[in-house]
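# Structural overview
Each chain, written out:
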Amino acid sequence: MTSHATGRRTVLLTAAALTTGCGASGGGGGGTDTGTPEASAPATTGGGSSEAPGGTVLARTSEIPVGGGTVFADRKVVVTQPKAGEFKAFSAVCTHQGCLVDKVADGTIDCPCHGSRYRIADGSVARGPAPRPLPAERITVSGEEITLA
Ligand code: FES
């Protein structure tokens, strides 16, 4: 049972952040936002050039249904969300004969060619003839953006 000072510091910092965030006291009246410089980067609709450092934005978290997934055929990647807030990505190339999987339904990623199915949680084979799991792809989830690493 060791009590750490770190916990208390975290609480204090959080409280300070909240106070600053609400920004009521003082009333400078300028409307200058002295919040954290990060945060709100509004989605530029129509621009199309949304580049994130370290990778390409693949999707928004809202595009991936909980308990399901979405196939990005042009990227040959399928992104799943087995549980709320938990995102996984796999190659969309079937390990049987290389067709692209085309849908996610009932907890599996399905190949249209010969009926192979892979589990959304880990890409493992739920039904053959696929001989191997779908290889995992690396993604990063930052806010609402899912980036292919
Ligand atoms: Fe996918 Fe045969 S290529 S099941």
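Keep in mind that what you see is a predicted model, and the values were worked out from it rather than measured.

Quick notes on the rules
- Residues numbered from 1 in each chain as written.
- Predicted model: local features only at pLDDT ≥ 70, side-chain atom pairs only at ≥ 80, totals over all residues.
- Heavy atoms only, no water.
- Salt bridge = Lys/Arg side-chain N within 4 Å of Asp/Glu carboxyl O.
- Helix = DSSP H or I, 4+ residues; strand = E, 2+ residues; numbered from the N terminus.
- Buried < 20%, exposed > 50% of the residue type's maximum accessible area, 1.4 Å probe, protein only.
- Pairing = 2+ DSSP bridges.
- Axes fitted to C-alpha atoms, helices over the stretch in contact; angles between N-to-C directions.
- Disulfide = S-S within 2.5 Å.
- Core = buried A, V, L, I, M, F, W, Y, C linked by side-chain atoms within 4.5 Å.
- Contact = heavy atoms within 4.5 Å.

## As for the pattern of salt bridges
Applying the stated criterion to the full structure yields five salt bridges. Among the salt bridges present, the one from E144 reaches R60, with a minimum N-O distance of 2.8 Å. Of the two residues, E144 is situated in the loop between strand 10 (139-142) and strand 11 (145-148) and R60 in strand 2 (residues 55-60); the sequence distance between them amounts to 84 residues. Residue class for E144 comes out partly exposed when judged on its relative accessible area of 48%. A salt bridge links K103 to D110, with the nearest nitrogen and oxygen atoms 3.3 Å apart. Here the residues in one salt-bridge network are K83, E86 and K88, joined through shared partners.

## A few points about the sheet that holds strand 3 (residues 68-72)
If you walk across this open sheet you meet the three strands as 3-4-5, and the pairing is antiparallel. A single partner strand is all that each edge strand has here, and the edge strands are strand 3 and strand 5 (86-91). The mean angle between the axes of side-by-side strands here comes to 20°, regardless of whether they run parallel or antiparallel. The sheet contact formed by strand 4 (residues 77-83) and strand 5 spans five bridges and is antiparallel. Along strand 5, the bridge assignment pairs V79 with A89.

## Here we look at the pairing of strand 11
By the bridge criterion, four bridges tie strand 2 to strand 11 in an arrangement that is antiparallel. Its bridge partner being in strand 11, T56 is matched across the sheet by L148. The pairing of strand 10 with strand 11 spans four bridges and is antiparallel. Paired with S142 across the two strands is E145, which belongs to strand 11. Remark: two residues form the turn of the hairpin made by strand 10 and strand 11, two consecutive strands paired antiparallel; G143 in that turn has positive phi of roughly 65°.

## Some details on the state of the cysteines
Scanning the entire structure with this criterion turns up one disulfide. The disulfide bridge from C99 ends at C113, spanning 1.9 Å between sulfur atoms. Here C99 and C113 share a disulfide; its torsion about the S-S bond, -95°, makes the bridge left-handed. Linking C99 in the loop between strand 5 and strand 6 (103-105) with C113 in the loop between strand 7 (108-110) and strand 8 (117-119), this pair joins segments that are 14 residues apart in sequence. With a relative accessible area of 36%, C113 lands in the partly exposed category.

## Some words on the nonpolar core
Here is a general trend for soluble globular proteins: nonpolar side chains tend to be buried in one another's company. V78, F90, A92, C94, V101, V104, I109, C111, Y118, I120, A130 and L134 form the largest nonpolar core, which has 12 residues in total. In contact with I109, other than residues within four places in its own chain, are V78, T80, F90, V101, K103, V104, S116, R117, Y118, R119, I120 and L134.

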